[in-house]
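Close look at the chain arrangement
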Amino acid sequence: MVFKSKMKWVGLVGLFLSAISLFVHFLLARFTDGGISEYQSSITIFSRRSSSDISRTSSLYKRLWGPVRSLESLHPDANPRRYYADPTLHTNGFIFVRIQGGFHEIRNSISDVVIVARLLNATLVIPEIQSTTSSKGISSQFKSFAYLYNEDQFMATLAKDVTVVKTLPKHLKGERRKKNIPVFKVPHSTSPYYYQRHVLPMLKKHLVVELVVSEGGCLQAILPPDLEEYQRLRCRVAFHALQFRQEVQELATKILHRLRDPGQPFIAFDPGMTRDALAYHGCAELFQDVHTELIQHKRAWMRKRGIVKGKLSLNSADIRRNGSCPLMPEEVGILLRAYGYSWDTIIYVSGGEVFGGQRTLIPLRAMFENVVDRTSLSTTWELSTIYGREANLVDTYQKSPPSIEEEMKIEAWKTSGPRPRPLPPPPARPKYYNIEGWWGWVAESDNEPESTVMELRTNAHKLLWEAIDYVICVEADIFVPGFDRDGKGHPNFASLVMGHRLYQSAASKTYRPDRKEVARLLDEIQEHLYQANHTWLTSVRQHMRKTLVDGLIEASKTSKPLSFISHPVPECSCLRRDSAETTTTHAPTRSTKTHAPSPTTSQVLAALGVVHRCPVWMDTDLVSLSREKENDEDLDEDDSSSSSGLFFRQNGGNNEGGVGESSNKEEVQMDDQEELEGGER
């Protein structure tokens, strides 16, 4: 009996443990297996070719991925260089700011309003971003600014620059609700003297003013010399204070790690092809069908409001040849392949909106197999976590009641004579015009329908998507912009990325192709685009290498006058003593080439206007540069690598453009020859 009772207890314990095991497995299946299966089905597995791995010490690797030697001496330095007082306890009042626009406009505007607050000795209220207010259907757990940025980080970083508070005092809140405070709708590139003459007196009188910033900036980019410290404050705001909130930053870091998991560098590419930019610059004919109509419709809307003053219909081919249209993804792919990047190079495509849809990326995907974006490197669940808890808007849509005429028709049908009777009138076809990606209203209406709450929520989500793209583009090994202007002619997302990269790591490769020159080069071989000759490849490589420095100098003349943080040099940079002196000393010893020689470090720094030396604590240990390192900077673009077979398929059995396996073998041999020749130089 005792033995049987013990067996019963053992059986009960076994059943209990089995139940616990089943429960644990259920939890794992619910919270882990689902995520793993979703991760495995969603995350891109990169295609690699073992023979394509290049030694990091080889000359070929340095030519493709190495730093820009002439910019290695630039170091970020946004600290004050003159007397700079802390903000006073007693300010002239509060500045409340409402910011409208997209990601790059918000970032530009926040940098400007901080300068305005410092200029007027005012207390800055955390800016309100109109795209992320509660009325846009976003999660109620975030306030406007905190939906995108870290409020505490913003306030702590600027503690010694301006006084920042989260909200207005109660009595001033009431005055604002009653609309008893002065409101200024500030245009783009406003002079600092405007604020001192017009805004400051009203600020002292009412103790609060409201600024409405809608054009991507409220202060001129180039300030007078006596306000140079304010330019460095702009850098502290844009590159240090404006940190994304934790959930967004963590997801961006995860995606960045997944990009680097294969152990290979990657290229970030921002197409810049938004509907507004294409309409503003008159590039409608680059697309077909409804996309051309949409661009023309937007351009007509801009002309009515005075944003565009040119003709409605323009010759897009001429505009493209003039360099005023974005580079298409296919054109960027051809440039990269011509420069020598292999088919398995990882290319990250950024941008909240690629106008024309995924079909515009098909040629790029045909040339590079590892073309990815944030959706292919993250799961749906991971993306949803950054939105917070949002209400279900689908259930909130109420069907409109039928009209009286429709009710009379249905009732008349019911009370009509004996059968057979005619069929009832069909219901009106619903017009779901506001569904993303559906543009049916173009064919039936001249007016664009109002945005639904769901669309407004999607616009808020796009800010988070672009924040993720921004982090990845800044940290990328190479960045390539397809376009650098937005729908108002101002610097766009790509311009801010290039400015941040220039500040943070100036020597990182950032190609700035001259679109006019690229159009000319592509038109030269239009009939045999994928079978380019050696001379053309050499021209492309020389142009791409030239844009690393010349494009930077050109940006100081074109982008900086419109947006300071798109080109924060020389105000926010300094020269490291060791590298600057060493490169200047060895510059004359470089070998001469048949083409125009690259500018020396001293010439580049002189063109950029950088003269300030870094503080001693920033100087790194002096490392002597070998002759091999000097010559690596001026690698010969006139080599014969990949002069044929640039755009052929990777497998030797197939071919493209009528070229067989022998061409692919020749390509590999030429790659080996290039690496050997580069190592000897």
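Analysis parameters
Residues numbered from 1 in each chain as written. Predicted model: local features only at pLDDT ≥ 70, side-chain atom pairs only at ≥ 80, totals over all residues. Heavy atoms only, no water. pLDDT = per-residue confidence, 0-100. Contact = heavy atoms within 4.5 Å. Helix = DSSP H or I, 4+ residues; strand = E, 2+ residues; numbered from the N terminus. Phe/Tyr/Trp six-rings, centres within 6.5 Å; stacked < 30°, edge-to-face > 60°. Buried < 20%, exposed > 50% of the residue type's maximum accessible area, 1.4 Å probe, protein only. Lys NZ or Arg CZ within 6 Å of the ring centre and 35° of its normal.

**With respect to the confidence of the model for the protein**
For the protein, mean pLDDT is 80; residues scoring 70 or higher make up 74% of the total. Here residues 640–645 is modelled with pLDDT under 50, and outside its nearest four sequence neighbours on either side it reaches 22 contacts, counting other chains as well.

**Some remarks on unusual backbone geometry**
The residue after Val-569, namely Pro-570, is reached through a cis peptide bond having omega 10°. Its place among the elements puts Pro-570 in the loop between helix 21 (550–558) and strand 13 (573–575). A positive phi angle, near 60°, is found at Ser-189, a position not held by glycine. Checked against the element boundaries, Ser-189 lands in the loop between strand 6 (183–186) and helix 6 (192–206). Even without being glycine, Leu-207 reaches a positive phi, approximately 65°. On the secondary structure map, Leu-207 appears in the loop between helix 6 and strand 7 (208–213).

**Looking at the packing of aromatic side chains**
Under the criterion given, the structure shown has 14 aromatic pairs. Residues Phe-103 and Phe-493 carry aromatic rings whose centres are separated by 5.8 Å and whose planes lie at 55° to one another, so their mutual orientation is tilted. Linking Phe-103 in helix 3 (residues 103–119) with Phe-493 in helix 18 (residues 493–504), this pair joins segments that are 390 residues apart in sequence. In terms of burial, Phe-103 and Phe-493 fall into one category: buried. Aromatic pair Phe-244 and Tyr-470: ring centres 6.2 Å apart, planes at 80°, arrangement edge-to-face. A residue pair is termed long-range when its members are at least 10 positions apart, and Phe-244 in the loop between helix 7 (228–241) and helix 8 (246–260) and Tyr-470 in helix 17 (residues 453–475) qualify at 226 residues. Of the two residues examined, Phe-244 and Tyr-470, each falls in the buried class. Taken together through their ring pairs, the aromatic side chains of Phe-103, Phe-145, Tyr-149, Phe-154, Phe-244, Tyr-470 and Phe-493 make up a single cluster. Sitting over the face of the ring of Tyr-84, Arg-118 holds its NZ or CZ atom 4.0 Å from the ring centroid. Taking NZ or CZ as reference, Lys-298 lies 4.5 Å from the ring centre of Trp-301, over its face.

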